[in-house]
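What the coordinates show
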Amino acid sequence: MNRREFILSASAFSLASCVHAQKVVSTDKRHDESFAVIVSDCHICGDKKWHANDEMVKTLNQILALDPLPAKMIVMGDIAALVGLKKDYIEAKKVFKPIVDAGIEISWMMGNHDRRDVFAEVFPEWAKSSEVEGSIVHVVKMPSVDLVLLDSLDQLKKKNNHDGKVSDAQIKWLEKFGASTKRPFFVCTHHDGRQMKKFAQTAIGTSKLMRGYVHGHRHSWMLDALHDWKDGGRLVRSVGMPSAALWGDIGFVTLRDKGDHAEFKIYERDCFFPSPDFKREESWDVLRKENDGAVVKVLYK
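Residues numbered from 1 in each chain as written. Predicted model: local features only at pLDDT ≥ 70, side-chain atom pairs only at ≥ 80, totals over all residues. Heavy atoms only, no water.

Overview of the overall build of the chain
Along its length, the chain carries 9 helices and 12 strands. Burial statistics for the chain: of 301 residues in total, 58% are counted as buried. Carbon and sulfur atoms make up 53% of the accessible area of the chain, which amounts to about 13,200 Å² in all. (Helix = DSSP H or I, 4+ residues; strand = E, 2+ residues; numbered from the N terminus. Buried < 20%, exposed > 50% of the residue type's maximum accessible area, 1.4 Å probe, protein only. Areas by Shrake-Rupley, 256 points an atom, 1.4 Å probe, with all protein chains shown as cover.)

Brief notes about helix 7 (residues 168–180)
In this model, helix 7 (13 residues) spans 19 Å end to end at C-alpha, consistent with the 18 Å of a helix rising 1.5 Å per residue. Taken together, the buried positions of helix 7 are occupied by Q170, I171, W173, L174, F177 and G178. Take helix 7 and look down its axis: the buried residues cluster within an arc of 160°, on one side only. In this structure, helix 7 carries D168, K172, K176, A179 and S180 as exposed residues pointing more than 90 degrees from its buried face. Contact partners of the buried residues in helix 7: strand 4 (138–141), strand 5 (146–149), strand 6 (185–189) and helix 8 (197–205). (Expected span 1.5 Å × (residues − 1). Arc of directions from axis to C-beta. Contact = heavy atoms within 4.5 Å.)

Looking at the sheet that holds strand 11 (residues 261–272)
Read from one edge to the other, the open sheet built from 6 strands follows the order 3-2-1-10-11-12, with strand pairing classed as mixed. Two strands bound the open sheet, and with one partner strand each, they are strand 3 (105–108) and strand 12 (295–299). Strand-to-strand twist of the sheet, defined as the mean angle between neighbouring strand axes without regard to direction, takes the value 25°. Alignment of strand 2 (residues 69–75) against strand 3, held across 4 bridges, turns out to be parallel. The residue bridging I74 from the neighbouring strand is S107, located in strand 3. Sitting on the sheet, helix 2 (residues 51–64) is in contact with strand 1 (31–39), strand 2, strand 10 (248–257) and strand 11, with an inclination near 140° to strand 11. (Pairing = 2+ DSSP bridges. Axes fitted to C-alpha atoms, helices over the stretch in contact; angles between N-to-C directions.)

Focus: the pairing of strand 1
Burial of strand 1 is extensive: 7 of the 9 residues sit out of reach of the surface. The pairing of strand 1 with strand 2 spans 6 bridges and is classified as parallel. Note on strand 2: the bridge partner recorded for D32 is P70. What joins strand 1 to strand 2 is helix 2, and the crossover it makes is right-handed. The pairing of strand 1 with strand 10 spans 4 bridges and is classified as antiparallel. Bridged to I38 within strand 10 is V253. (Right-handed = clockwise from strand over helix to strand, strands pointing away.)

Observations concerning the packing of aromatic side chains
All told, the structure shown has 10 aromatic pairs when counted by the stated rule. Taking 5.4 Å as the distance between ring centres and 25° as the angle between the ring planes, the aromatic pair formed by W173 and F177 counts as stacked. Here W173 and its partner F177 are both found in helix 7, 4 residues apart, which amounts to about one turn of the helix. This pair shows no difference in class: W173 is buried, exactly as F177 is. Chaining the aromatic ring pairs together yields one cluster made of Y89, F96, W108, F119 and F123. Seen from the ring of F123, K93 lies directly overhead, with NZ or CZ sitting 5.4 Å from the centre. (Phe/Tyr/Trp six-rings, centres within 6.5 Å; stacked < 30°, edge-to-face > 60°. Lys NZ or Arg CZ within 6 Å of the ring centre and 35° of its normal.)

Section: the pattern of salt bridges
Per the counting criterion, the structure on display carries 15 salt bridges. Between D224 and R194 there is a salt bridge whose closest N-O contact spans 2.7 Å. Taken together, the positions of D224 in strand 8 (residues 222–228) and R194 in the loop between strand 6 and helix 8 put the pair 30 residues apart, joining distant regions of the chain. Through salt bridges with shared partners, a single network forms among E55, K58 and R269. (Salt bridge = Lys/Arg side-chain N within 4 Å of Asp/Glu carboxyl O.)

Structural notes on unusual backbone geometry
Cis rather than trans, the peptide bond between D67 and P68 has omega equal to 5°. Examined against the element boundaries, P68 turns out to sit in the loop between helix 2 and strand 2. A cis amide bond links F273 with the next residue in sequence, P274, at an omega value of -5°. Residues other than glycine seldom take positive phi values, yet D41 does so here, at roughly 50°.

Examining the environment of V122
Mapped onto the fold, V122 is located in helix 5 (residues 116–122). On the basis of relative accessible area, V122 is assigned to the buried category, the value being 9%. Leaving out residues up to four positions away in the same chain, V122 has contacts with K86, Y89, I90 and K93.

And the structure:
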């Protein structure tokens with residue numbers, strides 16, 4: 001059992017079995033097309049009382065309280081609790097329904113705890129509309145920037161693989177995209193660019209319009225700088241997302257397209273490890289206060 005599986009198991013052990021009872025509150029508000037929200041590492045469980053389900057509901061209620069509402073939501077992988085069970089995706093569809101009802105367009109990504117084939121059974125339209133066969137790849141267009149959502153799930157048949165990998169077919173597609181686009185874009189994967197260093201360098205090299213790298217997986221608000229050493233060390237900002245529900249930094253991140261740059265802002269509601277039921281440490285609250293409200297500016301040029 002690896003570290004994350006231990007965390008998930010320890011959290012589950014402390015909770016009794018039964019589906020969560022909280023509900024997401026829907027709303028009627030106008031939408032801002034230059035405004036998106038990113039949630040990552042949801043880990044929704046379909047058959048147990050699981051703290052991540054309740055935390056996910058809290059996160060979505062925070063998002064629905066925003067005014068105006070974001071036009072788009074990116075779910076950056078690890079939708080399912082542990083091994084991508086069908087009941088997890090069915091529960092996720094229920095949990096996110098108020099977001100759909102509120103008119104927010106959801107874009108789904110794969111993480112290492114997901115399973116493409118099972119996901120496709122519950123979300124067939126999204127899987128079929130992928131830019132690359134055999135992967136879940138989409139482009140989310142905002143007024144001045146594109147978000148290229150790639151699939152870094154390196155799926156094994158019998159066990160969970162925490163390492164990330166972007167397939168050769170996706171890389172070829174990305175190279176064509178980078179060569180033809182006239183707009184700045186961010187590459188988004190569940191796994192981070194440090195973990196997939198070779199791919200990150202390839203992605204940066206596809207175009208000078210590749211201006212940012214956005215990822216989940218680490219459950220932490222993480223700021224980094226990647227460099228294109230073949231182009232004089234051109235700097236590309238990297239922004240890591242908190243977990244929306246499970247452990248670590250808990251919350252979501254907004255993305256505002258400002259025309260010549262993007263602003264990422266974290267809304268960190270909590271910080272705990274490995275679940276909110278464990279004895280709290282003062283350092284968790286210190287970290288939450290340091291992170292909450294922080295803004296990162298990423299230039300398009």
